[in-house]
Amino acid sequence: MNTKLGKSISKEDFMWEFLPAGLREVFDIVNVKKTDTEFHIWLDEKREITEEDAHKGCVIGKGYTDYCTIQDHLTRGRRTFLHLRKCKWLDKSTGEIFSYDIDYVNEDFTTLTSELVAFLKGEDRE
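Each value, and the rule that gives it
- Residues numbered from 1 in each chain as written.
- Predicted model: local features only at pLDDT ≥ 70, side-chain atom pairs only at ≥ 80, totals over all residues.
- Heavy atoms only, no water.
- Pairing = 2+ DSSP bridges.
- Helix = DSSP H or I, 4+ residues; strand = E, 2+ residues; numbered from the N terminus.
- Axes fitted to C-alpha atoms, helices over the stretch in contact; angles between N-to-C directions.
- Salt bridge = Lys/Arg side-chain N within 4 Å of Asp/Glu carboxyl O.
- Buried < 20%, exposed > 50% of the residue type's maximum accessible area, 1.4 Å probe, protein only.

Student: What's the story with the sheet that holds strand S6 (residues 68-75) in this structure? I'm lost.
Tutor: Hydrogen bonding along the main chain pairs the strands of a sheet, whether they run parallel or antiparallel. Strands sit in the order S3-S4-S7-S6 across an open sheet of four strands; the sheet is mixed. Looking at which strands have only one partner, the edges of the open sheet turn out to be strand S3 (27-34) and S6. Going across the sheet, the axis of each strand differs from the next one's by a mean of 25 degrees, ignoring polarity. As paired elements, S6 and strand S7 (residues 78-85) share six bridges and run antiparallel to each other. Across the sheet, residue Gln71 finds its bridge partner in S7, namely Phe81.

Student: What am I meant to see in the pattern of salt bridges here?
Tutor: Pairing is possible between side chains that carry opposite charge, provided their charged atoms lie close to one another. Considering all chains together, one arrives at four salt bridges under this definition. A salt bridge links Arg24 to Asp13; the shortest N-O distance between them is 2.3 Å. With Arg24 in the loop between helix H1 (11-16) and S3 and Asp13 in helix H1, this residue pair connects regions lying 11 residues apart in the sequence. With relative accessibility at 32%, the residue Arg24 sits in the partly exposed group. Residue class for Asp13 comes out partly exposed when judged on its relative accessible area of 25%. For Arg79, the salt bridge identified is with Glu38, shortest N-O distance 2.2 Å. One end of the pair, Arg79, is in strand S7; the other, Glu38, is in strand S4 (residues 38-45), with 41 residues separating them in the sequence. The exposure class assigned to Arg79 is partly exposed, which follows from its relative accessible area of 38%.

Student: Would you explain the sheet that holds strand S9 (residues 96-98) in this entry?
Tutor: Strand order in the open sheet formed by three strands is S5-S8-S9, with antiparallel pairing between adjacent strands. Single-partner strands in this sheet number two, and they are strand S5 (59-64) and S9. When the angles between neighbouring strand axes are averaged without regard to direction, this sheet yields 30 degrees. Relative to strand S8 (residues 87-91), S5 runs antiparallel, the two sharing four bridges. Residue Ile60 lies in a different strand from S8, and its bridge partner there is Leu90.

Put into structure tokens, the structure is as follows:
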């Protein structure tokens, strides 16, 4: 519905407005919980294989990694935690289980936490 105030949006579209720009193209929201002091948002990587691996025909889905929890910005005075996990893949020709690095495009140049950047790039965190 369009009004003088603008276009109506879905609840899910509204949720994405509070998360770092660009994550929507890579993740699905799978759960959201709120406490008196915190928001917790669980995000799973969308299961998409690269064209190269699809062409090889030897890479199959193998579930998900464990969740990595990252504290994001405050939202309405509550600490916000993102619980993210990546897809795991099995290369049947080598027996290797791997996850793809995530090419994150920060279109609006907002600042991302170093933890989130490390997770997206597949770097080890201490």
